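# Overview (structure and organization)
The lines below spell out each chain.
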Amino acid sequence: MSNFRMVINKMNVILLNQIKSIGNFSDEDIELFFSFLEESFIAKGDHFLNEGQVSHYVAYITSGLTMHYEVHEGIEIPRGFSTENQWLGALKNFGNGEPADSAIKALEDTWLLRISATNLQKAFQLQPKLIALKDYYTELSFIRNMQHASNLAMFNAKQRYHKFIHERPGLINRVPQYYIAAYLGIKPQSLSRLRSER
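My aim in this report is to walk through the structure given alongside it, one point at a time.

Conventions we followed
Residues numbered from 1 in each chain as written. Predicted model: local features only at pLDDT ≥ 70, side-chain atom pairs only at ≥ 80, totals over all residues. Heavy atoms only, no water. Buried < 20%, exposed > 50% of the residue type's maximum accessible area, 1.4 Å probe, protein only. Helix = DSSP H or I, 4+ residues; strand = E, 2+ residues; numbered from the N terminus. Arc of directions from axis to C-beta. Core = buried A, V, L, I, M, F, W, Y, C linked by side-chain atoms within 4.5 Å. Contact = heavy atoms within 4.5 Å. Axes fitted to C-alpha atoms, helices over the stretch in contact; angles between N-to-C directions. Left-handed = near helix turned anticlockwise from the far one by under 90°. Nonpolar A, V, L, I, M, F, W, Y, C, P; charged D, E, K, R; others polar. Phe/Tyr/Trp six-rings, centres within 6.5 Å; stacked < 30°, edge-to-face > 60°. Lys NZ or Arg CZ within 6 Å of the ring centre and 35° of its normal.

With that out of the way, let us pick up helix H4 (residues 117-126). Regarding H4, the residues found buried are Ala117, Leu120, Ala123 and Phe124. One face of H4 carries all of its buried residues, which in axial projection span an arc of 120 degrees. Structural note: H4 exposes Thr118, Gln125 and Leu126 on the side pointing more than 90 degrees away from its buried face.

As structure tokens, this is what we get:
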């Protein structure tokens, strides 16, 4: 078995296929990128990133669930949830040395493949084609954030809830109800009523 195949066996095949679908990368390109990934674990309730902390890492979730959130008047307001086979990180602050204005914590025990800003830059220097990965995932994150903002502005509570369960059906029983309500911009009791109507 080649060294490349041994590396892939230790990593995530879904991530490999994602990368292949994004650009015309050789096995060597992908092996280079994977060589900079390191396994990491966050226990439920612990943070990947705290508000005010410098964001040094982005990570790919192999198992688990995280919440990206801000604190407003003492209340945690979710910006989004990341699950298996998704990337997480504070892209606004990643690698620029500025303290993060939001936080990311695990809602379940979570296993990650993470890469530091320093190592990501090394990968780009060694193979500039890999910059396409950063561009793709940054654009995807931007589109998701814009779509969520649009949903909050255009749809009523019932429409937001039904759109959420249609697009992220696996989350409804994994994320605490009060976080889903805050993410959708509705009151917990309204969410309870909407769930009972299903």
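Let us look at the nonpolar core. Membership of the largest hydrophobic core comes to 23 residues, with the highest contact counts inside it found for Leu15, Phe33 and Trp87. Those elements giving two or more residues to this core turn out to be helix H2 (13-22), helix H3 (27-35), strand S3 (57-63), strand S8 (110-116), H4 and helix H5 (131-154). Once residues within four sequence positions are removed from consideration, phenylalanine 33 is found in contact with Ile19, Trp87, Ile115, Leu120, Leu130 and Leu133. Judged by nonpolar contacts, the second largest core, of 20 residues, contains Leu65, Met67, Phe164 and Tyr179.

Our next topic: the packing of helix H6 (residues 157-167) against helix H7 (residues 177-184). Packing of H6 against H7 leaves a shortest axis separation of 10 Å and a crossing angle of 115 degrees. Of the two possible hands of crossing, H6 and H7 adopt the one that is right-handed. Note on element contacts: H7 touches H6 through Ile180, Tyr183 and Leu184, opposite Arg160, Tyr161 and Phe164. Classifying every residue of the contact of H6 with H7 by side-chain character gives five nonpolar, no polar and one charged.

Attention shifts here to the packing of aromatic side chains. One pass over the full model with this rule turns up nine aromatic pairs. Consider the rings of phenylalanine 33 and phenylalanine 34, whose centres lie 6.3 Å apart with planes at 55 degrees: the pair is tilted. As far as burial versus exposure is concerned, phenylalanine 33 and phenylalanine 34 are alike and both buried. Here the basic side chain of lysine 105 rests over the ring of tyrosine 69, its NZ or CZ set 5.6 Å away from the ring centre. The ring of tyrosine 57 has arginine 114 sitting right over it, with the charged end atom 3.9 Å from the ring centre.

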